[in-house]
Amino acid sequence: MSESLKGQLLCSLAMVLVGSTVVVSKIIGQDIEPFLATAMRHALALPVFLLLMRGTRARFARVSLHDAVLLLVQAAAGSVGYSVLLIQGVQLSGAADASVIAGTLPAMSALFAMVALGERPGARMLLSMALATVGVVMVSLSPDAVAQSSTRLKGIGLVLGAIACESGFILANKRLAQPMPALQMSTLMCAGGLLLSAVAAWWVAPVSVSKEMSTPALLGVAYYAWVPTVGGFLLWYAGSARTSGARASLATVWLPVSALLLSALFLGEIIHPWQWLGFACVVLAIVITFRGDTDSAGSANRWREDA
């Protein structure tokens, strides 16, 4: 197996784990305030990363000011923003809707690259963004959403915000001036997430302590910390270091697939026809973007140069 293909496989496994966060966020958000849950998640994950650093005799390399700021922004977006917005959004819109919205990650990343990085997408990427938008609209304008516009549409908006944060997390990784080993970057990302979420959790402490933490919610936090956080971080960073940005982005197709199937399996959510249609649109958007042609090849080359 080539290194590039191995990297894509590792990224795909990471996205399956990230997809499970949609399900566990539903369980956590019912009993634990989002910022507190995020702080607890990082507090449980950080010792594992530090033990792995010690066990492998890895050392922290010196980080430039540019990379330190970028890592902090990345932690704020991917480690804190994604978790908090997803936990809140899933409570209002439902895990099935959130699963479909999660599939817009590649299109959202392309939009972020256009606005923040000045990149010019090709025809395929524009078509992908259009299809992803159609998928979101189909879910947003479903009969249930229209009937419950004050809650469900707000939830969909929060999940879109979570995906926007995750897109920033993915792209920022390619803008580091000095490449870092996967374990070191994961540890720093977790430490940054703990710092930021702990401050926010302290700020909203009166809200945090007003809820009784149930056993399923606490187990959900532990799962989130040790599986999608520790496992997901290591798999994604190790995979993205071995392959191009285009191949890594293609792996995100597994995020909505995992989230939708797990929502039906563990939460018993009924997947309605318009959700399946919206899901089909976003999956087609992902596949069509990275179908091997000159447009995707050019994108891959740009990512290799950035890496």
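Owing to the predicted nature of the structure, the values given are computational and were not obtained by experimental measurement.

Colleague: Tell me about the overall build of the protein chain, and name the residues and values.
Modeller: Secondary structure assignment for the protein chain yields 15 helices and 0 strands. The 307 residues of the protein chain split such that 52% are buried. Pairs at least 24 residues apart make up 91% of the contacts formed inside the protein chain by residues separated by at least 6 positions. As displayed, the protein chain has an accessible area near 13700 Å², and 69% of this comes from carbon and sulfur atoms.

Colleague: So what's going on with a nonpolar patch on the surface? Residues and values would help.
Modeller: A surface patch of nonpolar side chains, amounting to about 350 Å² of accessible area, comprises L111, M114, V115 and L126. Sorting elements by how many residues they give to the nonpolar patch places helix α5 (residues 105-117) first, with 3 residues. Structurally, V115 can be placed in helix α5. Exposure remark for V115: the relative accessible area of 66% places this residue in the exposed category.

Colleague: Outline the side chain of H42, listing residues and values.
Modeller: On the secondary structure map, H42 appears in helix α2 (residues 34-55). There is a polar contact of 2.8 Å between the side chain of H42 and the backbone oxygen of T38. Discounting residues that sit within four places of it in the chain, H42 has contacts with S79, C190, G193, L194 and S197.

Colleague: Could you give me a rundown of empty space enclosed by the protein, with the residues and numbers involved?
Modeller: If you walk through the whole model with that rule in mind, you get 3 cavities of 30 Å³ or more. Estimated volume of the second largest cavity: approximately 180 Å³. Together, 17 residues line the second largest cavity, and V18, E166, F169, P228 and F233 are the ones closest to its centre. In terms of residue class, the lining of the second largest cavity is built from 11 nonpolar, 4 polar and 2 charged.

Colleague: Explain the pattern of salt bridges to me, and be specific about the residues and the numbers.
Modeller: Summed over the entire model, instances satisfying the criterion amount to 3 salt bridges. Across the pair K6 and E3 runs a salt bridge, and its minimum N-O distance is 3.4 Å. Residue K6 and its partner E3 are located together in helix α1 (residues 3-29), separated by 3 residues, close to a single helical turn. Linked through salt bridges whose partners overlap, the residues forming this network are E3, K6 and R242.

Colleague: Give a detailed account of the packing of aromatic side chains, specifying residues and quantitative values.
Modeller: Under the criterion given, the structure shown has 3 aromatic pairs. Ring geometry for F49 versus F233: centroids 6.3 Å apart, planes at 20°, classification stacked. Taken together, the positions of F49 in helix α2 and F233 in helix α11 (residues 215-240) put the pair 184 residues apart, joining distant regions of the chain. Taken as a pair, F49 and F233 share a single burial class, namely buried.

Colleague: Explain the environment of Q74 to me, and be specific about the residues and the numbers.
Modeller: Structurally, Q74 is set in helix α3 (residues 65-93). Exposure remark for Q74: the relative accessible area of 1% places this residue in the buried category. Q74 sits 98 residues away from A172 along the chain, and the two C-alpha atoms are 6.3 Å apart.

Colleague: Break down the packing of α1 against α3 for me, with residues and values.
Modeller: Each pair of packed helices can be summarised by the angle the axes make with each other and by the distance between the axes. Packing of α1 against α3 brings their axes to within 8 Å, and their N-to-C directions diverge by 65°. By crossing handedness, the relation of α1 to α3 is classed as right-handed. Between α1, through V18, T21, V22, S25, K26, I28 and G29, and α3, the contact on the second element is made entirely by Y82, L86, I87, V90 and Q91.

Colleague: An account of unusual backbone geometry is needed here, citing residue identities and associated values.
Modeller: The phi dihedral of R57 is positive, around 60°, even though this residue is not glycine. Tracing the chain through its elements places R57 in the loop between α2 and α3. For R57, a relative accessible area of 77% corresponds to the exposed category.

Colleague: Summarise the side chain of S263; cite the residues concerned and give the values.
Modeller: Looking at the element boundaries, S263 is found in helix α13 (residues 254-266). With near-sequence residues (within four places) excluded, S263 lies in contact with V22, V23, A95, A96, S99, G268 and E269.

Colleague: Quick rundown of the packing of helix α4 (residues 95-102) against α13? Include the residues and the values.
Modeller: In the contact formed by α4 and α13, the axes pass within 8 Å of each other and the chain directions differ by 170°. In this view, α4 runs roughly antiparallel relative to α13, as classed from their interaxial angle. Here A95, A96, S99, V100 and A102 of α4 come into contact with α13, specifically with L255, P256, A259, L260 and S263. Residue composition of the contact of α4 with α13, grouped by class: 8 nonpolar, 2 polar and no charged.

Colleague: Help me get a handle on α4, residues and values and all.
Modeller: In terms of burial, α4 is a largely internal element, 8 of the 8 residues being buried. All of the buried residues along α4 are A95, A96, D97, A98, S99, V100, I101 and A102.

Rules of the game
Residues numbered from 1 in each chain as written. Predicted model: local features only at pLDDT ≥ 70, side-chain atom pairs only at ≥ 80, totals over all residues. Heavy atoms only, no water. Helix = DSSP H or I, 4+ residues; strand = E, 2+ residues; numbered from the N terminus. Buried < 20%, exposed > 50% of the residue type's maximum accessible area, 1.4 Å probe, protein only. Contact = heavy atoms within 4.5 Å. Areas by Shrake-Rupley, 256 points an atom, 1.4 Å probe, with all protein chains shown as cover. Patch = residues over 30% accessible without salt bridge, like charges linked within 9 Å, V, L, I, M, F, W, Y side chains within 5 Å. Salt bridge = Lys/Arg side-chain N within 4 Å of Asp/Glu carboxyl O. Polar contact = N/O pair within 3.5 Å; in protein donor to acceptor, adjacent residues only side chain to side chain. 1 Å grid on protein atoms, 1.4 Å probe; cavity = no way out; pocket = protein on both sides within 12 Å on 5 of 7 lines; lining within 4 Å. Points joined across faces, edges and corners; volume = space filled by probe spheres on them. Nonpolar A, V, L, I, M, F, W, Y, C, P; charged D, E, K, R; others polar. Phe/Tyr/Trp six-rings, centres within 6.5 Å; stacked < 30°, edge-to-face > 60°. Axes fitted to C-alpha atoms, helices over the stretch in contact; angles between N-to-C directions. Left-handed = near helix turned anticlockwise from the far one by under 90°. Parallel < 35°, antiparallel > 145°, perpendicular 65-115°, else oblique.

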